[in-house]
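# Structure assessment
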Amino acid sequence: MNLRQIANGVTQIVNPNTSVTWMRSTGFSTSDDFQQVPEYESTTVLANVQALSGADLQHINGLNIQGTMRKVYMYGDVKAISRPDATGADLLVFSQDPSSPPQTWLVSQVMETWPDWCCVIVTLQTDD
């Protein structure tokens, strides 16, 4: 039974899925001046982007994360930073609303992970 598919079918009535570019961290390379440069593998997927609930905010309160955050449900194994694997966090690129340009969001916290889908909290990144 695919619970994600069942829940997503109902959720899409009020909150349609969004096309998201999933930038999966593959580690890093080292530049000529010995700085680590993150490397990514990109793919486009559909995801359901939602606001954080009160329980979500309470859960991440102790992580000292500030900024604009969203909860994202999607198929795949999206990851936050992993020191043992020497990989940075994955990035998701999507618009906050259909009329705005795509923005980069960092996977700050993995809330749920299952064999074929996950729920993550992402934080909006600033353009430098």
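This report concerns the structure included in the present document. Not measured: the values here are computed from a predicted model.

### Description of the environment of Ser19
With respect to the secondary-structure elements, Ser19 resides in strand β1 (residues 18-30). Of the residues examined, Ser19 reaches a relative accessible area of 47% and is grouped as partly exposed. Linking Ser19 and Val49, residues 30 residues apart in sequence, is a C-alpha distance of 9.9 Å. Not counting residues up to four positions away in its chain, the partners in contact with Ser19 are Thr44, Val45, Leu46, Val93 and Phe94.

### Side note on the pattern of salt bridges
Under the defined criterion, the tally for this structure stands at three salt bridges. For Lys71, the salt bridge is made with Asp56, and the minimal N-O distance between the two is 2.9 Å. Remark: Asp56 occurs in helix α2 (residues 54-60) and Lys71 occurs in strand β3 (residues 69-75); sequence separation between them is 15 residues. Here Asp56 falls in the buried class, since its relative accessible area comes to 6%. Its salt-bridge partner being Asp77, residue Lys79 comes within 3.0 Å of it at the nearest N-O pair. On the basis of relative accessibility, which here comes to 38%, the residue Lys79 falls in the partly exposed class.

What counts, and at which threshold
Residues numbered from 1 in each chain as written. Predicted model: local features only at pLDDT ≥ 70, side-chain atom pairs only at ≥ 80, totals over all residues. Heavy atoms only, no water. Helix = DSSP H or I, 4+ residues; strand = E, 2+ residues; numbered from the N terminus. Buried < 20%, exposed > 50% of the residue type's maximum accessible area, 1.4 Å probe, protein only. Contact = heavy atoms within 4.5 Å. Salt bridge = Lys/Arg side-chain N within 4 Å of Asp/Glu carboxyl O.

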